[in-house]
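Residue strings, one per chain:
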Amino acid sequence: MLRARTLLIAVAICFTSASAVAEAPSKPPDPPLAHTITLRASTLPSGQMAYEMVSHKVKSPDGRERDITALYATGPTIPGPTLVLKEGDTAEVTLVHGLADSPQPVSIHVHGVHYKIDSDGTMKVLNGTADEAAFPGKPYTYKWIAAPGTAGTWPYHDHTFGNPMVGAEDKGLFGTLIVNPASGKVPALIDGKVVDVDLSDIKREFILWMHETTFWGQELNHIIKGDKEVPLWTNPTVGARLGELVRFHVIGIGTAIHSFHLHGHRWIEPGTTSVIDTFHVTPISRQAFVVKAGEGVGPGDWHYHCHVIQHMQSGMMGTFRVIE
Amino acid sequence: MLRARTLLIAVAICFTSASAVAEAPSKPPDPPLAHTITLRASTLPSGQMAYEMVSHKVKSPDGRERDITALYATGPTIPGPTLVLKEGDTAEVTLVHGLADSPQPVSIHVHGVHYKIDSDGTMKVLNGTADEAAFPGKPYTYKWIAAPGTAGTWPYHDHTFGNPMVGAEDKGLFGTLIVNPASGKVPALIDGKVVDVDLSDIKREFILWMHETTFWGQELNHIIKGDKEVPLWTNPTVGARLGELVRFHVIGIGTAIHSFHLHGHRWIEPGTTSVIDTFHVTPISRQAFVVKAGEGVGPGDWHYHCHVIQHMQSGMMGTFRVIE
Amino acid sequence: MLRARTLLIAVAICFTSASAVAEAPSKPPDPPLAHTITLRASTLPSGQMAYEMVSHKVKSPDGRERDITALYATGPTIPGPTLVLKEGDTAEVTLVHGLADSPQPVSIHVHGVHYKIDSDGTMKVLNGTADEAAFPGKPYTYKWIAAPGTAGTWPYHDHTFGNPMVGAEDKGLFGTLIVNPASGKVPALIDGKVVDVDLSDIKREFILWMHETTFWGQELNHIIKGDKEVPLWTNPTVGARLGELVRFHVIGIGTAIHSFHLHGHRWIEPGTTSVIDTFHVTPISRQAFVVKAGEGVGPGDWHYHCHVIQHMQSGMMGTFRVIE
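This structure is a prediction, so every number in the text was calculated from the model and none was measured.

A. A look at the pattern of salt bridges. Under the counting rule described, the total for this entry stands at 27 salt bridges over all chains. For the salt bridge of C:Glu52 with C:Arg40, the shortest nitrogen-to-oxygen distance reads 3.3 Å. Of the two residues, C:Glu52 sits in strand 2 (residues 49-59) while C:Arg40 sits in strand 1 (residues 34-43), which places them 12 residues apart along the sequence. Among the residues examined, C:Arg40 registers a relative accessible area of 28% and is labelled partly exposed. The structure contains a network of salt bridges with shared partners spanning A:Arg204, A:Glu219 and A:Glu244.

B. A look at the environment of C:Thr74. All names here are of chain C. With respect to the helices, strands and loops of the structure, Thr 74 is situated in the loop between strand 3 (65-67) and strand 4 (83-86). Residue classification places Thr 74 among the exposed positions, given a relative accessible area of 71%. Taking C-alpha positions, Thr 74 is 32 Å from Ile 257, a pair spaced 183 residues apart along the chain.

C. The relation of the copies chain C and chain B, seen in detail. Laying chain C over chain B is done by rotating through 120 degrees and shifting 0.0 Å along the axis; what remains is an RMSD of 0.0 Å. What we have between these two chains is a three-fold relation. Using C-alpha coordinates, one finds that chain C approaches the rotation axis most closely at C:Thr272, a distance of 3.2 Å. Looking at chain C, a mere 8% of its interface residues are interface residues in chain B too, so the copies touch through different faces.

D. Just the relation of the copies chain B and chain A, in detail. Mapping chain B onto chain A calls for a screw motion: a turn of 120 degrees about the axis and a shift of 0.0 Å along it, with 0.0 Å RMSD after fitting. The overlap is low: 8% of the interface residues of chain B also sit at the interface in chain A, so different surfaces are used on the two sides.

E. Main features of the interface of chain B and chain A. Each side of the interface is counted separately: chain B has 36 residues, and chain A has 37 residues. Between the two partners, chain B and chain A, sit 18 residue pairs in polar contact (both at pLDDT 80 or more). When residues of the side of chain B that touches chain A are traced back to their parent elements, those giving at least two are strand 17 (258-262), strand 19 (275-276), strand 20 (278-281), strand 22 (300-306), helix 3 (309-313) and strand 23 (317-323) of chain B. Ranked by residues supplied to the side of chain B that touches chain A, first place goes to strand 22 of chain B with 5 residues. Here the residues of the side of chain B that touches chain A sort into 11 nonpolar, 21 polar and 4 charged.

F. The side chain of C:His303, seen in detail. Position of C:His303 relative to the elements: it lies in strand 22 (residues 300-306). Looking at C:His303, its side chain comes within polar contact range of the main-chain oxygen of C:Gly318, at 3.4 Å. In this structure C:His303 touches B:Leu126, B:His159, C:His261, C:Leu262, C:His263, C:Met317 and C:Gly318, once residues within four positions along its chain are discounted.

Cut-offs used in this document
Per chain, residues are indexed from 1 in the order of the written sequence. As a convention, the first chain written is A and the first ligand written is 1, with the rest following in written order. Residue-level local features of this predicted model are given only where pLDDT is at least 70; pairs of side-chain atoms are given and counted only at 80 or more, and the full residue set underlies all totals for whole chains, interfaces and linings. To get the side-chain values, all heavy atoms of the structure are used, and hydrogens and water are removed first. Salt bridge, as applied in this entry: a Lys or Arg side-chain nitrogen positioned within 4 Å of an Asp or Glu carboxyl oxygen. Only runs of H or I of at least four residues qualify as helices and only runs of E of at least two qualify as strands under DSSP, and these elements are numbered from the N terminus. For every residue, the accessible area (1.4 Å probe, protein chains only) is compared with the maximum for its type, and the residue is labelled buried under 20%, exposed over 50%, or partly exposed between those bounds. For this overlay, a least-squares fit was computed on C-alpha atoms, restricted to residues scoring pLDDT of at least 70 in both copies. Between two residues, a contact is recorded if the distance between any of their heavy atoms is within 4.5 Å. What qualifies as a polar contact is a pair of N or O atoms within 3.5 Å, subject to a donor-acceptor requirement within protein and to the restriction that residues adjacent in sequence count only when both atoms come from side chains. Under the grouping applied here, Gly and all other residues not named as nonpolar or charged are polar, the nonpolar ones being Ala, Val, Leu, Ile, Met, Phe, Trp, Tyr, Cys and Pro and the charged ones Asp, Glu, Lys and Arg.

No statement about biological role is implied by the geometric values presented.
Here you go:
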């Protein structure tokens with residue numbers, strides 16, 4: 001079981017370094033942070049487009065600044081870098097045009113948070129104001145406010161769509177923004193009861209985008225491999241230790257309608273008291289949920305997949321490996 | 001900005017006349033009203049079918065009767081006239097056959113409210129009782145009760161479907177029934193908090209039907225243009241002033257599955273505490289939600305669209321114009 | 001009205017025998033039961049596959065054992081036998097391979113309840129452990145625990161899918177597991193108010209699976225015809241007496257996305273306070289809901305159908321017959 005052993009080692013690293021990433025989980029609420037982020041839209045060898053982290057700096061109200069760029073994967077990834085804010089934070093996100101041999105504009109439209117119309121990431125034909133996109137040699141800057149009431153998992157994606165009526169959101173230019181609640185707590189079904197769990201007790205977070213007949217995955221940066229966000233690419237195996245709290249973020253994009261199912265686990269449909277193990281995913285609808293890995297079922301290779309037969313037949317599936 | 005100026009003037013008219021429409025928003029609950037409505041199923045020049053308001057009278061328990069037919073658009077529209085009841089109200093709805101050169105029966109099947117089987121709007125082949133439809137020269141009358149517990153936004157549509165297995169619900173014969181709660185209040189996410197807002201504080205209401213790859217819109221009659229319900233036809237621009245409470249009613253029909261998204265705004269998924277800015281729409285599923293126009297984001301041309309790429313490419317989109 | 005008369009007689013039988021089936025609905029909670037079940041995967045004359053009840057024994061903690069096999073339909077049915085547990089119960093389910101002239105493995109993957117990885121019902125290619133399926137002459141046994149927090153309506157189905165990427169879940173090998181809550185109560189919208197109703201007050205339960213363009217139905221065994229679970233096959237007429245509490249369990253399977261609608265009735269979306277009469281059904285998503293038959297609308301042939309026009313045109317519909 002080489003894979004399992006590797007995971008154990010990685011976890012040890014994680015426990016050491018996680019505290020450096022999650023800032024001061026002490027009693028008083030964290031002060032709001034100002035994030036300055038630069039992303040680049042690049043071309044993958046496959047010809048797909050992808051966002052890439054260039055720089056992420058975080059400033060506290062007391063003026064302290066930290067550079068957390070090293071927490072991200074190197075190079076463009078699908079999905080793009082997962083950005084994590086907290087209610088109250090602000091972000092200034094600059095997009096650099098880095099497509100090879102293409103004058104095609106690229107943009108970032110974000111969901112959920114507040115921003116003025118000039119940060120909408122759409123083209124003038126839609127917003128009536130400006131082409132809010134990066135062009136070769138001309139970056140574009142978006143300003144976001146994670147105001148109270150915007151906690152949640154939100155997609156960000158290209159929105160140059162408009163004229164002509166094509167864009168790049170379904171060609172790889174999509175990523176995830178997580179706004180954690182100021183309370184620091186999220187509801188979860190644990191041992192058969194709905195309780196609030198501390199975000200600081202969540203040991204792993206996985207992003208799974210459902211695009212047509214493929215899952216595109218990512219593991220967040222405060223976890224396994226030396227703090228770095230880990231691109232998992234297509235239909236990945238994701239792993240956890242038995243009993244760990246794990247948060248999944250599942251988001252759709254493209255044209256297909258999906259039905260996400262994870263074997264052996266169940267959770268609360270967000271905002272309700274409904275216990276489920278399967279849910280609808282339409283493009284850009286999303287669901288974040290917390291499970292206790294292997295709760296009541298033990299370790300194993302727990303299958304996850306789209307339950308639309310047509311998509312299963314195209315291989316839209318992966319494994320949630322729970323080890324002791 | 002001619003359009004903005006026009007809107008401002010129209011709003012002024014609205015403020016004057018709205019009080020004549022919304023009856024006595026004082027403390028004691030409104031007495032239940034008896035509505036007598038006549039609709040006609042007509043043919044549009046395009047060949048599509050559409051419902052048309054012929055007459056709408058409202059009787060109070062004290063015997064007072066008012067004719068509010070003038071509040072509706074003139075001529076057939078898609079969607080059909082939006083009918084607004086309150087929990088406790090009753091309605092007698094007569095449908096007149098007005099199709100040009102066609103003996104095809106037409107009917108009204110309504111969702112949500114109470115009615116006996118002879119008001120189901122189906123054919124005898126389905127209900128075992130009668131062909132509950134209008135034929136040339138033979139109107140049909142339906143009786144509805146907006147009983148307690150039926151508050152909500154509900155579709156009404158042709159249901160002659162049965163034998164043969166075709167009908168006219170996806171050929172234009174659909175419209176909206178709003179049953180407002182007796183409490184006069186609906187939940188909304190305002191400034192990041194879930195609160196109950198008074199219906200009388202809602203300044204604008206927009207209906208958006210999602211049919212295959214097109215939005216069909218309507219603005220309710222107590223708003224902009226001299227009280228009249230305004231047909232907005234396909235993929236409309238809808239407008240509001242910054243800070244106004246606006247209620248959207250989004251309903252699906254036909255065969256396609258949709259994902260509704262409005263830029264720059266977020267709201268509560270009905271009956272839950274889940275904050276969303278995108279939701280699934282299958283045929284006849286619907287969602288009504290309230291936003292404060294431009295809250296936290298300011299004025300602008302806020303794009304709304306189906307997030308299914310295939311449908312975006314077919315132009316399934318419009319604008320929510322928020323002006324100062 | 002011969003049909004109505006037959007139903008009345010059947011109901012009388014039901015009232016007599018139901019008490020023998022539902023164990024001791026007195027005050028102290030029922031002790032947890034241990035179920036030992038044998039199912040066979042068989043071939044129907046049509047060539048479709050179907051699960052068939054071979055044997056179901058129930059053991060109380062005091063050692064008493066009852067054989068309730070006679071409560072099930074004889075022969076294979078689509079959907080397969082509906083298994084009813086209660087939170088706290090356990091089940092050992094053995095699957096026997098009974099396909100005619102086929103070495104193809106068959107399995108049971110269940111949703112919602114707890115089980116170890118060797119009861120997952122998947123093939124080794126997915127679970128990394130074993131081919132958890134029945135082969136000719138080699139049955140396979142699954143162990144389920146209906147732990148607290150697993151109450152709900154859950155699908156079970158073949159999951160030999162994996163290598164090759166085909167399976168039998170959409171060829172007839174699917175059925176329903178109901179885990180009733182330990183509280184013995186479920187929420188329902190009755191006379192316009194959300195209340196908790198006793199499960200022992202529910203008089204009828206109908207299962208409706210939505211597969212591509214067809215409903216496949218079943219009536220549970222504690223109801224009409226001499227206690228036996230009644231297979232209703234495709235697009236059935238289901239019946240109830242006016243005012244009876246009826247629970248529907250609607251589940252999707254296959255590739256199509258559906259929109260379930262029942263005429264003249266409305267209910268609460270599970271886990272929310274949202275009143276609906278239509279809901280989304282994606283493969284394996286499900287919704288169980290309680291209505292009071294004919295509440296506010298009286299007797300009649302109340303149509304139910306998928307509201308996707310394409311599916312209606314293929315005859316995806318049936319009748320909920322409410323008689324006085």
